[in-house]
Amino acid sequence: MTVKIFDTPEVQDFLEAVSGLDQQGGNERAKRIVHRLVADLFKLIDDFDVTEEEYWSAVNLLNALGSQTQFGLLSPGLGFDHFLDMRQDAIDAEARRSGGTPRTIEGPLYVAGAPEAEGFARMDDGQDQNGEAMWLTGQVRDVDGNPVAGAKVEIWHANSKGGYSFFDKTQSEYNLRRTIYTDSEGRYTARSIIPSGYGVPEGAPTDVVLKSLGRHGERPAHIHYFVSAPGHQHLTTQINLAGDPYTFDDFAFATREELVVPANRIEAADEIAKREMDGPFCEVVFDVALSTTDATELQVRHKRPRAKEDEQDQASQQAGTAKV
Ligand code: MBD
Ligand code: FE
């Protein structure tokens with residue numbers, strides 16, 4: 001087929017009407033973004049001769065993604081989360097804010113309001129029969145190496161099946177989710193279990209998209225962090241446990257060389273006793289360096305709808321009443 005109508009005056013005028021550019025009300029930024037987005041898609045339909053059948057199967061797939069709240073899962077799979085990180089890295093570089101621990105994506109599975117502790121917390125509820133004991137510890141410092149006492153370290157990770165509490169209703173509330181404030185030496189410590197990697201559910205709409213691209217939906221074993229302290233830039237990051245087959249083949253593109261850490265098995269009786277563990281365990285050490293900033297807006301995580309956070313905000317964003 002050789003039909004190409006995109007560049008005709010009819011289609012160009014039509015795009016103005018579709019995006020409300022010929023109307024007084026509404027939001028100027030929304031109009032310009034919708035104009036660009038719809039124009040790019042119209043052009044794509046023209047260029048690829050997209051059929052009616054293809055178009056409506058795409059609409060159906062979007063409905064399936066939405067009804068199963070999977071856009072937050074497809075988003076990292078299609079690299080949007082990592083692309084936003086690349087942009088933030090470039091913004092930091094331009095502003096000469098560098099040298100701290102690298103950021104990497106938050107992912108869709110954070111839940112606000114986890115139990116808080118000072119210095120140490122046990123994160124697992126002891127119910128995971130296959131959970132291998134983990135001792136997770138580290139020091140938070142500034143980029144000059146000074147310890148940061150009282151830093152807020154939020155940690156969340158999956159269980160031995162790759163499931164996250166709240167989303168996986170078989171787990172207890174806030175299992176494997178804790179907020180730990182660093183001690184006077186800037187240290188945090190958690191007793192938990194070694195997580196397994198996450199896999200996109202077989203047959204789910206996100207899986208359908210990935211399969212059509214010849215891709216898998218696996219993530220390596222990883223542990224999420226938010227780290228913040230007054231006077232320092234908020235850090236969203238993750239560590240990947242070394243040796244996982246997907247460490248450098250993550251469907252969500254979150255792995256960074258500096259964030260791959262080993263889990264070292266410890267069997268010495270005195271080490272087990274010192275930590276009051278029940279037997280051999282794996283130690284994971286992750287130190288964090290925070291860059292310094294006076295800008296208060298950089299000291300907190302960016303706004304985003306999150307489970308159990310700002311329910312009001314979330315409702316208004318979903319109703320489309322928030323600013324674009
Ligand atoms: C996860 O655990 C995750 O961190 C991301 C980014 C996507 C799916 C599951
Ligand atoms: Fe995750």
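Everything quoted here is computed from the prediction, not taken from an experiment.

Caption draft 1: Region of interest: the overall build of the protein. When helices and strands are tallied, the protein shows eight helices and 12 strands. When contacts within the protein are restricted to residue pairs at least 6 apart in sequence, those whose partners lie at least 24 apart make up 70%. Of the charged side chains in the protein, 32 are positive and 53 negative; the average position of the first set lies 3 Å away from that of the second.

Caption draft 2: Summary view of the packing of aromatic side chains. Applying the stated criterion across every chain yields a total of nine aromatic pairs. Look at Tyr110 and Phe226: their rings are 4.8 Å apart centre to centre, the planes differ by 55 degrees, and that puts the pair in the tilted class. Remark: Phe226 occurs in strand β7 (residues 222-228) and Tyr110 occurs in the loop between α5 (80-94) and β1 (116-118); sequence separation between them is 116 residues. For the pair formed by Tyr110 and Phe226, the shared burial category is buried. For the ring pair Phe166 and Phe167, a centre distance of 5.0 Å and an interplane angle of 85 degrees mean the geometry is edge-to-face. Following the ring pairs from residue to residue traces out a cluster consisting of Tyr110, Trp156 and Phe226. Just above the ring of Phe166 sits the side chain of Lys169; from NZ or CZ to the centre is 4.2 Å.

Caption draft 3: Representation of the packing of helix α1 (residues 9-18) against helix α2 (residues 28-48) within the structure. At their nearest, the axes of α1 and α2 sit 9 Å apart, and the two run at 140 degrees to each other. Taken together, the axes of α1 and α2 lie oblique to each other. Two packed elements cross with a definite hand, and for α1 against α2 that hand is right-handed. Of the residues in α2, those touching α1 at Val11, Phe14, Leu15, Glu16 and Val18 are His35, Val38, Ala39 and Phe42. Of the residues assigned to the contact of α1 with α2, the class counts are seven nonpolar, one polar and one charged.

Caption draft 4: Expanded view of empty space enclosed by the protein. Throughout the structure, instances matching the rule amount to three cavities of 30 Å³ or more. When its volume is computed, the largest cavity comes out at roughly 110 Å³. Along its surface, the largest cavity is lined by 14 residues, and Gly107, Pro108, Leu109, Arg219 and His222 are the ones closest to its centre. Looking at the lining of the largest cavity, the elements that each hand over two or more residues are α4 (71-77) and β7.

Caption draft 5: Just the coordination of the iron ion (ligand 2), in detail. Donor atoms from the polypeptide that coordinate the iron ion (ligand 2) comprise Tyr164 (OH), His222 (NE2) and His224 (NE2), at 2.0 to 2.1 Å from the metal. Binding-site remark: the iron ion (ligand 2) is held by donors from one chain whose sequence spacing is Y-x57-H-x1-H. A residue pair is termed long-range when its members are at least 10 positions apart, and Tyr164 in the loop between β4 (152-157) and β5 (177-181) and His224 in strand β7 qualify at 60 residues. With respect to burial, Tyr164 and His224 carry one shared label: buried.

Caption draft 6: Examining the nonpolar core more closely. Within the largest apolar cluster, 29 residues are counted, with the highest numbers of intra-cluster contacts made by Leu136, Val140, Ile155, Tyr188 and Tyr225. Secondary-structure elements contributing two or more residues to this core are β3 (133-142), β4, β6 (187-193), β7, β8 (235-241), β11 (281-285) and β12 (288-290). Discounting residues that sit within four places of it in the chain, Leu136 has contacts with Ile155, Tyr188, Thr189, Ala190, Ile223, Tyr225, Ile239 and Val284. Membership of the second largest hydrophobic core comes to 15 residues, among which are Ile105, Ala158, Val200 and Leu210.

Caption draft 7: Quick peek at a negative patch on the surface. A surface patch of like charges, here negative, comprises Glu10, Asp13, Glu16 and Asp22. Structurally, Asp22 can be placed in the loop between α1 and α2.

Caption draft 8: Up close: the site of ligand 1. The full set of residues close to ligand 1 is Leu73, Ile105, Gly107, Pro108, Leu109, Tyr164, Tyr198, Arg219, His222, His224 and Ala252. Between ligand 1 and the protein, one listed contact pairs an oxygen atom with a side-chain N or O atom of Arg219 at 2.7 Å. A total of 270 Å² of accessible area belongs to ligand 1 in isolation, and the protein chains cover 100% of it. Most atoms of ligand 1, that is more than half of them, are within 2 Å of grid points of the largest cavity. Grouping the constituent residues of the shell around ligand 1 by class yields seven nonpolar, three polar and one charged.

Caption draft 9: The pattern of salt bridges, seen in detail. Evaluation of the coordinates by the stated rule reveals 25 salt bridges. Close ionic contact of Arg122 with Asp124 constitutes a salt bridge, the shortest N to O distance being 2.9 Å. When its relative accessible area of 35% is taken as the criterion, Arg122 is described as partly exposed. On the basis of relative accessibility, which here comes to 10%, the residue Asp124 falls in the buried class.

Caption draft 10: Geometry of the environment of Thr137. By the secondary structure assignment, Thr137 is in strand β3. When the C-alpha atoms of Thr137 and Thr189 are compared, they prove to be 4.2 Å apart, with 52 residues separating the residues in sequence. Apart from the residues within four sequence positions on either side, Thr137 is in contact with Tyr188, Thr189, Glu283, Val284, Val285 and Phe286. Of note is the side chain of Thr137, whose polar atom sits 2.8 Å from the backbone oxygen of Tyr188.

Caption draft 11: Broad picture of the side chain of Asp124. If you trace the backbone, Asp124 turns up in the loop between β2 (120-122) and β3. One polar contact links Asp124 to Arg122, side chain to side chain, over a distance of 2.9 Å. Only 3.3 Å separates the side chain of Asp124 from the backbone nitrogen of Gly126, close enough to count as a polar contact. Not counting the four nearest positions on each side in its chain, Asp124 is found in contact with Asn175, Leu176, Arg191, Ser192 and Ile193.

How each quantity is defined
- Residues numbered from 1 in each chain as written.
- Chains lettered and ligands numbered in written order.
- Predicted model: local features only at pLDDT ≥ 70, side-chain atom pairs only at ≥ 80, totals over all residues.
- Heavy atoms only, no water.
- Helix = DSSP H or I, 4+ residues; strand = E, 2+ residues; numbered from the N terminus.
- Contact = heavy atoms within 4.5 Å.
- Lys, Arg positive; Asp, Glu negative; His and termini not counted.
- Charge placed at Lys NZ, Arg CZ, Asp CG, Glu CD.
- Phe/Tyr/Trp six-rings, centres within 6.5 Å; stacked < 30°, edge-to-face > 60°.
- Buried < 20%, exposed > 50% of the residue type's maximum accessible area, 1.4 Å probe, protein only.
- Lys NZ or Arg CZ within 6 Å of the ring centre and 35° of its normal.
- Axes fitted to C-alpha atoms, helices over the stretch in contact; angles between N-to-C directions.
- Parallel < 35°, antiparallel > 145°, perpendicular 65-115°, else oblique.
- Left-handed = near helix turned anticlockwise from the far one by under 90°.
- Nonpolar A, V, L, I, M, F, W, Y, C, P; charged D, E, K, R; others polar.
- 1 Å grid on protein atoms, 1.4 Å probe; cavity = no way out; pocket = protein on both sides within 12 Å on 5 of 7 lines; lining within 4 Å.
- Points joined across faces, edges and corners; volume = space filled by probe spheres on them.
- Donors = N, O, S within 2.8 Å, 3.2 Å for Na, K, Ca; no water.
- Core = buried A, V, L, I, M, F, W, Y, C linked by side-chain atoms within 4.5 Å.
- Patch = residues over 30% accessible without salt bridge, like charges linked within 9 Å, V, L, I, M, F, W, Y side chains within 5 Å.
- Areas by Shrake-Rupley, 256 points an atom, 1.4 Å probe, with all protein chains shown as cover.
- Salt bridge = Lys/Arg side-chain N within 4 Å of Asp/Glu carboxyl O.
- Near = heavy atom within 4 Å.
- Polar contact = N/O pair within 3.5 Å; in protein donor to acceptor, adjacent residues only side chain to side chain.
- Sits in = over half its atoms within 2 Å of the grid points.

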